[in-house]
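Below, each chain spelled out in residue letters.
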Amino acid sequence: MEELKLREKDEFINLSQLLKAMNLVESGAMAKEVIDEGLVKVDGEVESRYRRKLYDGMVVEFEENTIKVVK
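Not measured: the values here are computed from a predicted model.

Colleague: Mind showing me how you'd approach the overall build of the protein here?
Modeller: What the protein contains, in helices and strands, is two helices and seven strands. Helices and strands in the protein line up, N terminus first, as β-β-α-α-β-β-β-β-β. A compact globule built from 71 residues should have a C-alpha radius of gyration of about 11 Å, and the protein, at 11 Å, falls within 12% of that. When the backbone C-alpha atoms are referred to their principal axes, the protein occupies close to 30 × 20 × 20 Å. A burial count over the protein gives 38% of its 71 residues as buried. Considering only contacts within the protein whose residues lie at least 6 apart along the sequence, 47% involve residues at least 24 apart. Here the protein displays about 4700 Å² of accessible surface, and carbon together with sulfur accounts for 43% of that area. Here the protein carries 12 positive and 16 negative side-chain charges, and the mean point of each set is 8 Å from the other.

Colleague: What's the story with helix 2 (residues 28-36) in this structure? I'm lost.
Modeller: Since one α-helical turn is 3.6 residues long, residues separated by three or four positions face the same way. Looking at helix 2, one finds that the buried residues are Ala31, Val34 and Ile35. Summarising the axial view, the buried residues of helix 2 lie within an arc of 100 degrees, below the 170-degree limit, and thus occupy one face. Exposed residues lying more than 90 degrees from the buried face of helix 2 are Ala29 and Asp36. The elements touched by buried residues of helix 2 are helix 1 (15-21), strand 3 (40-42) and strand 6 (59-62). Looking one or two residues past helix 2, Gly38 carries a phi angle of roughly 75 degrees, positive in sign.

Colleague: When you look at the environment of Phe12 in this model, what are you seeing that I'm missing?
Modeller: For Phe12, the position within the fold is in strand 2 (residues 12-14). A C-alpha to C-alpha distance of 18 Å links Phe12 and Gly44, two positions 32 residues apart in sequence. Beyond its immediate chain neighbours, meaning those up to four positions away, Phe12 contacts Leu6, Lys53, Leu54 and Tyr55.

Criteria and thresholds
Residues numbered from 1 in each chain as written. Predicted model: local features only at pLDDT ≥ 70, side-chain atom pairs only at ≥ 80, totals over all residues. Heavy atoms only, no water. Helix = DSSP H or I, 4+ residues; strand = E, 2+ residues; numbered from the N terminus. Rg over C-alpha atoms; globule rule 2.2 N^0.38 Å. Buried < 20%, exposed > 50% of the residue type's maximum accessible area, 1.4 Å probe, protein only. Contact = heavy atoms within 4.5 Å. Areas by Shrake-Rupley, 256 points an atom, 1.4 Å probe, with all protein chains shown as cover. Lys, Arg positive; Asp, Glu negative; His and termini not counted. Charge placed at Lys NZ, Arg CZ, Asp CG, Glu CD. Arc of directions from axis to C-beta.

Written out as C-alpha cells, the structure reads:
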C-alpha cells in the first residue's frame with residue numbers, strides 16, 4: 001500500500017487530484033472518466049464523485065494500486 005501525505009495546511013484532497021498526484025491518470029479528464037466508469041473505490045465502495053474529499057486514513061483503490069491518505 002502506498003501513502004499520499006497531505007500538505008501540512010490541507011485537511012483533504014479531492015479524488016481526482018489524488019489520482020493525478022499519484023500518476024495513475026494523465027489528466028483531470030481521464031480521472032473523471034475512470035471514476036465515471038466505476039473503476040475507483042474509496043474505503044471499499046465504488047465512488048462516482050470525482051471531487052470526493054479524501055481525509056486522513058481514507059483508502060483509494062484503482063487497478064492494482066492502493067493508496068492511503070495520511071496527514
